[in-house]
Amino acid sequence: MRVTWPDGTRGPWLSVDGAAFVVADGAPEWSGDLLVGLTRGAQVLRLVFDHALPDRVVATHVVLDDAGGAIHALHVTGSGAVAIAAGERLLVLMPTGPV
């Protein structure tokens, strides 16, 4: 995946183990954003895209830092909950309001 980062640079993506677009009524603030599980650091990042230029990332946010093991898969439910398979655990993040 190639994207344009907030600083204007373009480049190849990081090592990703799982990814999911957010299309959920329970998380409208994140709708259209991409959640990615990174191999290194066991992190989940949220990528916010420019709606006019959808290949341009305008912001990144760390949603989860150190999941306790490699991220194997991500899934976003219709309610906005994010299920994350990390190491030998299943983590569930619930939306709490605007971010």
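Here's a quick rundown of the structure. Along each chain, the written sequence defines residue order, and numbers are assigned to residues from 1. Side-chain atom pairs in this predicted model are given and counted only at pLDDT of 80 or more, local residue features only at pLDDT of at least 70, and totals for whole chains, interfaces and linings cover all residues. Hydrogen atoms and water are omitted, and side-chain values are computed over all heavy atoms in the structure.

## Re the pattern of salt bridges
Right, on to step 1. For this analysis, a salt bridge means a side-chain nitrogen from Lys or Arg found within 4 Å of a carboxyl oxygen belonging to Asp or Glu. Here the structure, examined in full by the defined rule, presents one salt bridge.
Right, on to step 2. Between Asp 33 and Arg 46 there is a salt bridge, with its nearest N and O atoms 2.7 Å apart. On the criterion of sequence distance, the pair formed by Asp 33 in the loop between strand 3 (16-21) and strand 4 (34-38) and Arg 46 in strand 5 (residues 44-49) is long-range, its members being 13 residues apart.
Right, on to step 3. Think of it in three bands: residues with accessible area under 20% of the maximum for their type are buried, residues over 50% are exposed, and the middle band is partly exposed, with areas taken using a 1.4 Å probe on protein chains only. Residue Asp 33 is classed as buried on the basis of its relative accessible area, which comes to 4%. Helix numbers and strand numbers start at the N terminus; a helix is a DSSP run of H or I with at least 4 residues, a strand a run of E with at least 2.

## Side note on the sheet that holds strand 5
Right, on to step 1. Any two strands between which DSSP finds at least two bridges are classified as paired. Read from one edge of the open sheet, four strands run 3-4-5-6, paired in antiparallel fashion. Across the chains shown, the open sheet's two edge strands, defined by having one partner strand only, are strand 3 and strand 6 (57-64). Strand after strand, the sheet turns through a mean of 25° between neighbouring axes, direction not considered.
Right, on to step 2. As judged from the five bridges shared by strand 3 and strand 4, these two strands associate in the antiparallel manner. Axis definition: a line fitted to C-alpha atoms, over the contacting stretch in the case of helices. Angles run 0 to 180 degrees between N-to-C directions.

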